[in-house]
Amino acid sequence: MAERDPAWQARARPENPHDSAHLHVTGQARYADDAPEPADMLHLAFGQAGETRARIAAMDLSAVRAAEGVVAVYTAADIPGDNNVGPVRHDEGLLADGEVLFPGQPLFLVAATSQRAARKAARLGKVVYETQPAVVTIAEARAAGSRIEATQRMARGDAGAALEAAPHRIAGRFAMGGQDHFYLEGHVSVATPGEDGQVHVLCSTQHPSEVQHLVAHLLGGSSADVTVEVRRMGGGFGGKETQATSFAAAAALVAVKTGRAAKFRADRDDDMVLTGKRHEFEVAYEAGFDDAGQILALSLHLASRCGASEDLSPAINDRAMFHADNCYFLPDVEIVSERLKTNTVSATAFRGFGGPQGMLAIERIIDHVALALGLDPLDVRCANLYGPGRAVTPYGMTVADNIAPELIAQLRRDADYDARARAVDAFNAASPVIKKGIALTPVKFGISFTTTHLNQAGALVHVYADGSIQVNHGGTEMGQGLYVKVAQVVADVFAVPLAQVRITSTRTDKVPNTSATAASSGSDLNGMAAYNAARTIRDRLTAFLARIHGCAAHEVVFSSEGVLAGEERLTFAEVARKAHMGRVSLSSTGFYATPGIAYDRAAHRGRPFYYFAYGAAVSEVAIDSLTGEHKVLAVDILHDVGRSLNAAVDKGQIEGGFLQGQGWLTTEDLVFDGKGRLLTHSPATYKIPTASDRARHFTVSLWDGENVEPTINRSKAVGEPPFMLAISVFSALNRAVAATAPGKRAMPELGAPATPERVLAAIRELAAR
């Protein structure tokens, strides 16, 4: 295994820069929109529905076809194969076929000589609707019995009886909003027709294989006729896992129909209207606990707005249930999850994949327990942590790698939490207007796709006769540093400088049938697959050198000083040349499937995760009780990445994940009108966090440990877990609001995101009790 390789043992948290960093800062990094455009390239736009739910009685597109620059217009009737871009269930057409399910739904497709011409023409369609009653909110969907699947239940023990017997009980409810991905690069796909019905799609997607398969079905062809390529994305965050397919399929359809290259570059406003968001949730709970704040019973109800199609909602809501325990043992617990179908754009994957919603629920419950007892919330958290004799999750998985108690204790000391908490209390007692809050919250995040078969990856490694190396794998680069991490893995196998390894664009014709780069598993899966491919070649080279130099295989050593074969030392380039002349294959595929995981979804029992990644954050905030305005003053993070593959990249991911989580919980407010139309569909109305929202004091430290499981280099995933560290900001805000009514021990009615309006409303409601 990788962790026993001497080349790995010699490494200690390398800090190689991102492989494209120099290209990013000089403007030379090429994205899909930067590919050279042929003179006859067509540009695309969707004609979008103006109603929420309706039957299409008539559609007049004559003005669209007559508009300047328009070359072709297509409807559902023009699709030669399966009119579907839904990833699991075939319930999401590329173009509406007689029925509108949500406002903004694509009705027809325009191909024109410029993007502006296509967008202008798309607005000229005349549609006659027969409107029907729409279901927009969670409450409306529940009343109508509108669900994407049956309500799910995960339980252990008898929560009802335990609640009755508990010394103390609380009940509450709150809502948390969705979130737009707001990637810097919007959706872009470029389709180029090939010979004999083939098509090449350059696409900004996290899931090239899924795009390939769905495009092939839509065209009525085979996957072998469609090649999807991704060099890099300007951000994804889950928003390009399933959502890229519509744009890729539209471009491929036009390319095949017209024989001309076609590009779909979505305008930012259209992108936000057309694509799915993080699921918004409503939470209700009852908890029973003892005098120390230890939870004895919990009844938790989660309800999410899933939108008009299934997309990935079942798995996302499952993960919310999985993470409703976070780091805490819940002896008698019932978790009920409603997945509600509404006439809004379908919600989709987003960093954390449901985990943040489940985790925010339990952390709010902990805060409520602490308020009810007049205890420090951190003491209540520590009282409920998993530990000896209390190490099994509600879904039956043993927490075998529990470092949360030690990690929390270290951060508590290093961040001087107790002294700062006392200082916050003293400040609040003397300050009538400005109130502060502080919170330390932990994270335990399960790593693996909860759909078991997705936990696999492939790679392709070539060693050329001059000693240079080329690597290809199924993972996609969206700025997270996956490419440089995998390149490091291969470089270390051969003990060559990183500059000697070139990673090439992800392509479905090189590594087939890949999973999405998601679930924080990109490095785990693709790194191990590349390692296996490289080791296969190295083993061949070892056997070859042992044979021609008359030495034992163990006497062949690859090191940074060269390759030692018995008494002779060679450069790696010399070894490659000799092997080529000796007719040794210098190319290999590699494959990896995560071991030891299985899950029975019907029973909600099993081991869905290979391991857990841990972390904790201390956040200190201040609020203005007269306006509701607030600011994050200080953040201290201690995060577990195992034995880091690249500490510089990992720290960047932790910072970025935290800030994105802070945005979800404080500023990013998605506003829909009564018909489900998105009103916050541009940077003018939707507020992502900026540099000024970053706390002036912001520290990130890495936990000194390694993965108990034999992952690549004993590392741990880092993409999603840091997002949930930002729950500490929300908990600190809650504590600051509670400080405006000292002595009440009442839980503020604060929903997420905690915008100034919501903070002020919570303060006023608390004062009126």
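Residues numbered from 1 in each chain as written. Predicted model: local features only at pLDDT ≥ 70, side-chain atom pairs only at ≥ 80, totals over all residues. Heavy atoms only, no water.

### Structural notes on the sheet that holds strand β9 (residues 188-193)
- Ordered in space as β3-β5-β1-β12-β9-β10-β11-β20, the 8 strands form an open sheet in which the pairing is mixed. Bordering the open sheet on either side are β3 (70-74) and β20 (506-507), each of which pairs with just one other strand.
- Across 2 bridges, strand β11 (residues 226-230) lies against β20 in antiparallel orientation. Directly across from valine 230, in β20, lies its bridge partner threonine 506. (Pairing = 2+ DSSP bridges. Helix = DSSP H or I, 4+ residues; strand = E, 2+ residues; numbered from the N terminus.)

### Concerning helix α7 (residues 208-219)
- The end-to-end C-alpha separation of α7 is 16 Å, in line with the 16 Å expected for 12 residues at 1.5 Å each.
- Counting buried positions along α7 gives 10 out of 12 residues, so the element sits mostly inside the fold.
- Among all positions in α7, only Pro208, Ser209, Glu210, Val211, Gln212, Leu214, Val215, Ala216, Leu218 and Leu219 are buried.
- Where the residues of α7 are buried, they touch β10 (199-203), β11, α8 (244-258) and β20.
- Where α7 terminates, the next one or two residues include glycine 220, which has phi positive at roughly 75°. (Expected span 1.5 Å × (residues − 1). Buried < 20%, exposed > 50% of the residue type's maximum accessible area, 1.4 Å probe, protein only. Contact = heavy atoms within 4.5 Å.)

### Here's the deal with helix α17 (residues 572-581)
- Restricting attention to buried positions, one finds in α17 the residues Phe572, Val575, Ala576 and Ala579. Buried residues along α17 cover an arc of 100° about the axis, so they all sit on one side.
- Following α17 by one or two positions, arginine 583 adopts a phi angle in the positive range, close to 60°. (Arc of directions from axis to C-beta.)

### What to know about the packing of aromatic side chains
- For the structure on display, the rule yields 15 aromatic pairs.
- Plain terms: the ring middles of tyrosine 395 and phenylalanine 609 are 6.2 Å apart, the flat faces sit at 80° to each other, and that makes the pair edge-to-face. With tyrosine 395 in the loop between α12 (377-383) and α13 (404-414) and phenylalanine 609 in the loop between β26 (605-607) and β27 (611-624), this pair connects stretches of sequence that are 214 residues apart.
- Overall, tyrosine 395 belongs to the buried group, its relative accessible area being 0%.
- Under the relative-accessibility criterion, phenylalanine 609 is labelled buried at 0%.
- Put simply, the rings of Phe322, Tyr395, Tyr599, Phe609, Phe612 and Tyr614 touch in pairs and so form one group of aromatic residues.
- Just above the ring of tryptophan 664 sits the side chain of arginine 278; from NZ or CZ to the centre is 5.2 Å. (Phe/Tyr/Trp six-rings, centres within 6.5 Å; stacked < 30°, edge-to-face > 60°. Lys NZ or Arg CZ within 6 Å of the ring centre and 35° of its normal.)

### Comments concerning the sheet that holds strand β6 (residues 126-131)
- Read from one edge to the other, the open sheet built from 3 strands follows the order β4-β2-β6, with strand pairing classed as antiparallel. What marks the edges here is a single partner per strand, and that holds for β4 (99-100) and β6.
- By the bridge criterion, 2 bridges tie strand β2 (residues 54-60) to β4 in an arrangement that is antiparallel. Opposite alanine 54, over in β4, you have valine 100 as the bridge partner.

### Regarding unusual backbone geometry
- Of the consecutive residues alanine 752 and proline 753, the connecting peptide bond is found in the cis state with omega at 5°.
- Position of proline 753 among the secondary structure elements: in the loop between α19 (727-738) and α20 (756-768).
- For serine 520, which is not glycine, the phi dihedral falls at a positive 60°.
- Tracing the chain through its elements places serine 520 in the loop between β20 and α16 (522-549).
- Taking relative accessible area as the criterion, serine 520 reaches 12% and is therefore assigned buried.

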